[in-house]
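Examination of the molecular architecture
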There are 2 protein chains.
Amino acid sequence: MPRSNRERTDATRTVLLDAARKLFIEKGYAETATPEIVAAADVTRGALYHHFPDKKALFWAVIEREANNVAADIDAHSAEASSAREALLQGASAYFDAMAVPGRTRLLLKEAPAQHAIDNGEGEDPAEQGLKIGLSHLLAGSENLKLLDPLTSLISSAFEKAAIAIDCGGKRADYEAAIAALLDGLIAQPRR
Amino acid sequence: MPRSNRERTDATRTVLLDAARKLFIEKGYAETATPEIVAAADVTRGALYHHFPDKKALFWAVIEREANNVAADIDAHSAEASSAREALLQGASAYFDAMAVPGRTRLLLKEAPAQHAIDNGEGEDPAEQGLKIGLSHLLAGSENLKLLDPLTSLISSAFEKAAIAIDCGGKRADYEAAIAALLDGLIAQPRR
DNA sequence: TAAGATACATTCAGTCTGTATGTTTTCTTA
DNA sequence: TAAGAAAACATACAGACTGAATGTATCTTA
């Protein structure tokens with residue numbers, strides 16, 4: 001059965017990404033060898049190195065696809081919120097929902113940072129952007145608005161830690177409550 | 001010049017740990033090959049594999065030594081505090097001081113978690129213990145005390161993120177202020 | 001349909017890890 | 001203090017993996 005080049009490329013890339021995703025989740029990046037990936041995908045290493053410059057490029061392609069899926073999931077479940085506080089809490093809930101897809105936490109919050117540490121020194125995290133906007137509304141009128149950037153960074157890391165903890169069996173309700181407590185504390189408070 | 005076995009062992013282990021530490025900081029664990037380490041330490045791979053079961057064991061020995069040094073540094077600079085809030089802020093300052101030693105942030109907050117992700121699923125972090133105690137005092141009388149464990153976990157991750165940000169050039173004063181803002185927000189507040 | 005481009009397969013060179021074995025130095029004990 | 005044991009270290013090797021080079025089949029297009 002003849003297939004167009006576009007179809008062949010799409011199919012091969014997809015089976016490679018799927019197989020790599022599965023193995024990276026199960027065993028991690030370093031412990032997964034390319035012969036194993038291509039065997040699972042039922043192609044050869046030639047195909048892999050035709051479509052990706054190297055093993056890392058395949059990994060980042062997996063990560064990018066997963067991150068896009070997370071963003072799409074969050075977008076799909078976003079509704080109107082009555083306040084900045086509600087918007088952030090709903091965003092948190094949507095985030096935890098999205099990260100509940102098996103493997104996502106491992107891929108995006110464990111494997112990806114692990115590989116990132118090697119080469120890059122942390123550059124503008126796009127995932128923090130939404131949180132930063134929400135926080136800027138929450139902190140409007142508060143002294144803490146001056147600390148928007150560092151607070152965004154710290155809260156973001158709290159979100160990630162919460163997702164990891166939930167993935168490891170922690171009670172989601174507890175972590176959502178803890179996140180809420182952190183956010184509520186930042187709202188303008190009377191200094192007595 | 002004759003040396004006792006104990007002296008030989010200590011000396012060899014030390015030069016290996018020092019060389020490995022330097023290279024792990026510069027290039028990361030995965031990118032550092034054992035031939036490179038032993039060359040820098042001026043011993044052979046035989047010596048390395050005599051003293052350590054494998055490359056990972058050497059890595060964890062480096063990490064353990066560094067973590068002990070951090071704990072010792074923090075202990076050395078701990079003073080009496082007049083309140084739970086002050087105790088936590090002083091602890092934060094001591095932590096950031098300790099993590100300011102070049103390479104520590106990379107080793108303990110980037111490389112170690114990266115390797116940890118592979119095999120282990122996060123087990124009781126001893127570094128969180130001190131924070132948990134401090135938080136338990138801060139939250140005494142607050143509704144948030146119920147959330148002590150998750151809050152400890154999230155605040156801890158905020159500390160780590162702050163240390164990383166500072167290590168990457170962020171302004172320490174800003175992150176200390178942000179940490180203070182997070183902690184202050186957790187203190188019992190009037191719900192209006 | 002011929003020529004070139006693309007997709008894929010196979011082979012190969014270099015490197016790395018961990019093990020097995022050999023050699024030297026220190027320790028023990030008779 | 002001499003000889004055997006044990007520890008410390010060095011060397012050699014086997015297996016595996018990555019990435020590049022090269023070869024072949026399939027598709028596209030003029």
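Residues numbered from 1 in each chain as written. Chains lettered and ligands numbered in written order. Predicted model: local features only at pLDDT ≥ 70, side-chain atom pairs only at ≥ 80, totals over all residues. Heavy atoms only, no water.

1. Brief notes about the overall build of chain A
Across its full length, chain A holds nine helices and zero strands. For chain A, the sequential pattern of α-helices and β-strands runs α-α-α-α-α-α-α-α-α. Projected onto the principal axes, the alpha-carbon positions of chain A cover approximately 75 × 30 × 30 Å. Counting every position in chain A, which comprises 192 residues, the buried fraction comes to 43%. Restricting to contacts in chain A with at least 6 residues of sequence separation, those with at least 24 account for 67%. When the accessible surface of chain A is split by element, carbon and sulfur atoms take 53% of a total near 9,900 Å². (Helix = DSSP H or I, 4+ residues; strand = E, 2+ residues; numbered from the N terminus. Buried < 20%, exposed > 50% of the residue type's maximum accessible area, 1.4 Å probe, protein only. Contact = heavy atoms within 4.5 Å. Areas by Shrake-Rupley, 256 points an atom, 1.4 Å probe, with all protein chains shown as cover.)

2. A word on the pattern of salt bridges
Residues and elements named next belong to chain A. According to the stated counting rule, one finds 32 salt bridges over all chains in the structure shown. Here Arg 172 and Asp 97 are joined by a salt bridge, their closest N and O atoms 2.8 Å apart. On the criterion of sequence distance, the pair formed by Arg 172 in helix 9 (residues 172–186) and Asp 97 in helix 5 (residues 84–99) is long-range, its members being 75 residues apart. Given a relative accessible area of 24%, Arg 172 falls into the partly exposed group. (Salt bridge = Lys/Arg side-chain N within 4 Å of Asp/Glu carboxyl O.)

3. A look at the packing of aromatic side chains
Each aromatic ring pair is described using two quantities: the centre-to-centre distance and the angle formed by the ring planes. In this structure the tally under the stated criterion is 14 aromatic pairs over all chains. Relative to B:Phe59, the ring of B:Tyr29 lies with its centre 5.0 Å away and its plane at 65°, an arrangement referred to as edge-to-face. Of this pair, B:Tyr29 sits in the loop between helix 1 (5–27) and helix 2 (34–41) while B:Phe59 sits in helix 4 (residues 55–76); the two residues are 30 residues apart in sequence, bridging distant segments of the chain. Comparing B:Tyr29 with B:Phe59, the two get one shared label, buried. Taken together, A:Phe24, A:Tyr29, A:Phe59 and A:Trp60 form an aromatic cluster joined through their ring pairs. The ring of A:Tyr29 carries A:Lys55 above its face, with NZ or CZ at 4.3 Å from the centroid. (Phe/Tyr/Trp six-rings, centres within 6.5 Å; stacked < 30°, edge-to-face > 60°. Lys NZ or Arg CZ within 6 Å of the ring centre and 35° of its normal.)

4. Observations regarding the protein's contact with DNA strand C
Near DNA strand C there are 21 residues, and of these A:Thr9, A:Thr12, A:His51, B:Thr34 and B:Tyr49 occur at the shortest range. Within 4 Å of the protein, the contacting atoms of DNA strand C are 73% sugar and phosphate, with bases supplying the remainder. Measuring from a phosphate oxygen of DNA strand C, one finds a backbone N or O atom of B:Asn5 at 3.0 Å. Within the side chain of B:Arg45, an N or O atom sits 2.7 Å from a base nitrogen of DNA strand C. Of all the secondary-structure elements, those providing two or more residues to the surface near DNA strand C are helix 1 (5–27) and helix 3 (45–51) of chain A together with helix 2 and helix 3 (45–51) of chain B. In terms of residue class, the surface near DNA strand C is made up of five nonpolar, 11 polar and five charged. (Near = heavy atom within 4 Å. Polar contact = N/O pair within 3.5 Å; in protein donor to acceptor, adjacent residues only side chain to side chain. Nonpolar A, V, L, I, M, F, W, Y, C, P; charged D, E, K, R; others polar.)

5. Here we look at the environment of B:Pro113
Looking at the element boundaries, B:Pro113 is found in helix 6 (residues 104–119). For B:Pro113, a relative accessible area of 39% gives the class partly exposed.

6. Let's talk about the packing of helix 1 of chain A against helix 4 (residues 55–76) of chain A
All names here are of chain A. It is at 10 Å that the axes of helix 1 and helix 4 come closest, and there the two elements cross at 90°. Classified by the angle between their axes, helix 1 and helix 4 sit roughly perpendicular to one another. On helix 4, the residues touching Leu 16, Leu 17, Asp 18, Ala 20, Arg 21 and Phe 24 of helix 1 are Leu 58, Phe 59, Ala 61, Val 62, Arg 65 and Glu 66. The class makeup of the residues in the contact of helix 1 with helix 4 is eight nonpolar, no polar and four charged. (Axes fitted to C-alpha atoms, helices over the stretch in contact; angles between N-to-C directions. Parallel < 35°, antiparallel > 145°, perpendicular 65-115°, else oblique.)

7. Here's the deal with the protein's contact with DNA strand D
DNA strand D sits among 21 residues. The nearest are A:Thr34, A:Tyr49, B:Thr9, B:Thr12 and B:His51. Between DNA strand D and A:Thr34, the relevant distance is 2.4 Å, taken from a phosphate oxygen to a side-chain nitrogen or oxygen of the residue. Side-chain polar atom of B:Thr9 to a phosphate oxygen of DNA strand D: 2.5 Å apart, as the coordinates give it. Mapped onto the surface near DNA strand D, the elements with two or more residues apiece are helix 1, helix 2 (34–41) and helix 3 of chain A together with helix 1 and helix 3 of chain B.

8. Digging into the UniProt feature "domain: HTH tetR-type" (unreviewed entry) in chain A
Sites flagged by UniProt as "domain: HTH tetR-type" (unreviewed entry) map to residues 10–70 of chain A. Helix and strand shares over residues 10–70 of chain A are 80% and 0% respectively, and the end C-alpha atoms of the span are 21 Å apart. (UniProt positions renumbered as here; feature names shortened; annotations may be inferred.)

9. Regarding helix 7 (residues 126–138) of chain A
Side chains of residues three or four places apart in an α-helix project in the same direction, reflecting 3.6 residues per turn. Taken residue by residue, helix 7 of chain A has A:Glu128, A:Leu131, A:Gly134, A:Leu135 and A:Leu138 as its buried positions. Lining the buried residues of helix 7 of chain A we find helix 5, helix 8 (148–167) and helix 9 of chain A together with helix 8 (148–167) of chain B.

10. A word on the side chain of B:Ser157
Among the secondary structure elements, B:Ser157 is positioned in helix 8. With relative accessibility at 7%, the residue B:Ser157 sits in the buried group. Not counting residues within four places of it along the chain, the set of residues in contact with B:Ser157 comprises A:Ser157, A:Ala158 and A:Lys161.

11. Describing helix 8 of chain B
Residue and element names in this part refer to chain B. Look at helix 8: 28 Å from first C-alpha to last across 20 residues, which is about the 28 Å you get at 1.5 Å a residue. Judged by how many residues are buried, helix 8 sits mostly within the fold: 16 of 20 residues are covered. Phi turns positive, to about 105°, at Gly 169, one or two residues after helix 8. (Expected span 1.5 Å × (residues − 1).)

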